[in-house]
Structures are given as C-alpha cells and as structure tokens.
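Report on the structure
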Amino acid sequence: LKSHVEQVDDYIHSYFAAMDLPEGAPVTELKEAMLYSAGVGGKRFRPVLALIVGELFSAGPKAILPFATAVELIHTYSLIHDDLPCMDNDELRRGKLTNHKVYGETTALLAGDALLTEAFLLVASEYHDQDRLASRLVELLSRAAGIRGMVGGQAIDLKAKDFSVADLTNLHHLKTGRLIQVAAEGAAVIAGASPKEIESIAAFGGHLGLAFQIADDILDQNDKDQGSRSFVTLLGIQGAKAFLQKVSAEAIQQLHQVAGRSGPLEQMIEFNQTRQK
Ligand code: GRG
C-alpha cells in the first residue's frame, strides 16, 4: 500500500503547488493552513481504496487520483472541523497540533470550508470532458458527505444519547462509512464498471466503512468518554472483535460478486482488521 500512499501524497503536493490563487498574505496563510492538515500524516485509507478499486477495473492512477484526492480533502475538512472547540475541542491530530491550535479558530474553520469546496472544483475540472462523469461524481460525493451522509451522521452524534447497537451502526454508516463507501463506488464509476459491479463495490465499501469504525472503537477501547457511542461499550471487547470479523466477512462476500483479482481489496480489509492507528 505504501506506493499508493506516496502517489496520493505527491498528487496533493503538486496540486497545491500549482494552485492559481489571489495574491496576498491572508490567502497564502489560508492555503498553508489547508496544506498543514491535508499534506501529511493521514493513513490515506480512502484515496488508496479508490486507487485499488480503480485497478480492479483496469483504471490507472491518472484517472482515479483527482477523485481519490477530492475524497481525502473532504475527509480532512471534516477532521479540522471536528477538532474545533465547538465540536470535540482536540489538541492533537495526525501526530501534530490540530489546525486551530496552530492557525486559530477562524482560519481553521475557513481551511475546512476551502478544502470542501476545493474537492468539488477538482472533480468538476478534472472530469468535465467525460460525458456526465463529473456531475455523477459530484452527486455521489454530495450525497455521501452532506446531510444525507457524513454531516447528517455528525448531527446525530452530537445530539443523540443512549445508543443501541442498531442506532450506533446507523450513526457510523453515515458518519464514517459513507465517505469510505463513496471512495470505492466513485472509483468503480470512473473505471467504467457495470451497474451490477458498481452495486457490489458500493455494498463492499459500506461494509468496509462500518468495519473501519468498529476497528477504531477497538483501538480506542480505553477512551472512557465514548459511553454508548462505542461498540466496545455496547458489545464488550470480545463482542466488538467478533462484530469486526462478521462485518469484514460480509465485505469479502460482496467482493466475490465481482469478477477479477480482488486480492488487493481483501488486503485493505485485512489492513483495517490489524491496523494499530
Ligand atoms: C465536522 C462535518 C463534520 C464531520 C465530522 C468523520 C467525522 C465527522 C469526524 C471525525 C471524528 C472521528 C475521529 C471519527 C472516527 C472515525 C474516523 C473518521 C477517524 C479518522 O479517520 P482516519 O483514521 O484518519 O482515516 P487519518 O488521519 O488516518 O486520515
């Protein structure tokens, strides 16, 4: 996976280096704040997933990287906003100070806003010459990232109390799962997969997205603030591990519906089951 991570890192840095922006210190500082969070440190799970799905359908990095990067920019915006004092009020992210600790709350807020908008510019400008592809990707991303997906999930997370396993599964399907799912689904669309294949890849991505959050809860098992927001609290550590196994097996099951060499995607599932951060 390392070379895929490097491809994403290189693309993001070249993209930022080539940005055509208005002159002046405020915009330069805003760009620096965006790159501070987007440039290094993440696992790049979502864009790497998109690249690997692309490979399954014979689409290379040139075709997939703009979309994969757009997903990563949206993910990064969500982390910056989630860390703000009005949300989780976190000090550390990706092994360094959070964006607002370095640039202040207002710039961090704008850096998140600008990353979100940039993601759509990237998709609109890079896929505009392919018949309806840009608008299809914009629709998929909007549904996954906005009120119907990640932001809706965040709203539930902020307001709801006393989760059952079903409630928590729904919350994480929206908040964490939908963006992971769309990374896989969008790549299959770009690669020209058939409607049936796209459906199977989307179902695979949905299971993988939920598995990603269960793995996160297992890694955060000592975080007492989580309460009923954690599968470990609701199911116990052994129960959460068994649930991770089950959902991962369901993800693999979906892959079997798709012809081709799905080994690298099975490795993504395995990577998630064994990751340490
Ligand atoms: C504030 C609009 C808005 C949404 C926030 C996804 C989210 C919604 C907040 C992130 C909070 C969080 C820690 C969720 C748990 C799962 C998750 C998405 C973890 C972070 O993703 P990783 O592990 O992070 O892929 P890296 O840094 O590796 O990219």
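Provided above is the structure to which this section pertains.
Residues numbered from 1 in each chain as written. Predicted model: local features only at pLDDT ≥ 70, side-chain atom pairs only at ≥ 80, totals over all residues. Heavy atoms only, no water.

**Things to note about the side chain of S230**
Inspection of the secondary structure assignment puts S230 in the loop between α10 (195-219) and α11 (231-255). Overall, the relative accessible area of 4% leaves S230 in the buried class. A polar side-chain atom of S230 sits 3.0 Å from the main-chain amide nitrogen of V232. (Helix = DSSP H or I, 4+ residues; strand = E, 2+ residues; numbered from the N terminus. Buried < 20%, exposed > 50% of the residue type's maximum accessible area, 1.4 Å probe, protein only. Polar contact = N/O pair within 3.5 Å; in protein donor to acceptor, adjacent residues only side chain to side chain.)

**Focus: the packing of helix α4 (residues 61-83) against helix α8 (residues 150-159)**
With their axes 12 Å apart at the nearest point, α4 and α8 run at an angle of 20° to one another. With respect to α8, the element α4 is oriented roughly parallel. For the element pair α4 and α8, the recorded crossing hand is right-handed. Of the residues in α8, those in contact with I74, Y77, S78 and D82 of α4 are M150, V151 and Q154. Of the residues assigned to the contact of α4 with α8, the class counts are 4 nonpolar, 2 polar and 1 charged. (Axes fitted to C-alpha atoms, helices over the stretch in contact; angles between N-to-C directions. Parallel < 35°, antiparallel > 145°, perpendicular 65-115°, else oblique. Left-handed = near helix turned anticlockwise from the far one by under 90°. Contact = heavy atoms within 4.5 Å. Nonpolar A, V, L, I, M, F, W, Y, C, P; charged D, E, K, R; others polar.)

**What to know about the pattern of salt bridges**
Evaluated as defined, the whole model comprises 11 salt bridges. In this structure, the salt-bridge partner of R44 is D9, at a minimum N-O distance of 2.7 Å. Separated by 35 residues along the polypeptide, R44 in the loop between α2 (25-38) and α3 (45-56) and D9 in helix α1 (residues 2-17) bring together distant segments of the chain. Taking the relative accessible area as the measure of exposure, R44 reaches 1% and is therefore buried. D9 gets classed as partly exposed once you look at its relative accessible area, which sits at 21%. When the shortest N-O distance is used, the salt bridge between R44 and E72 registers 2.9 Å. In this pair, R44 is assigned in the loop between α2 and α3 and E72 in helix α4, connecting sequence segments 28 residues apart. A network of salt bridges, in which partner residues are shared, links D9, R44, E72 and R94. (Salt bridge = Lys/Arg side-chain N within 4 Å of Asp/Glu carboxyl O.)

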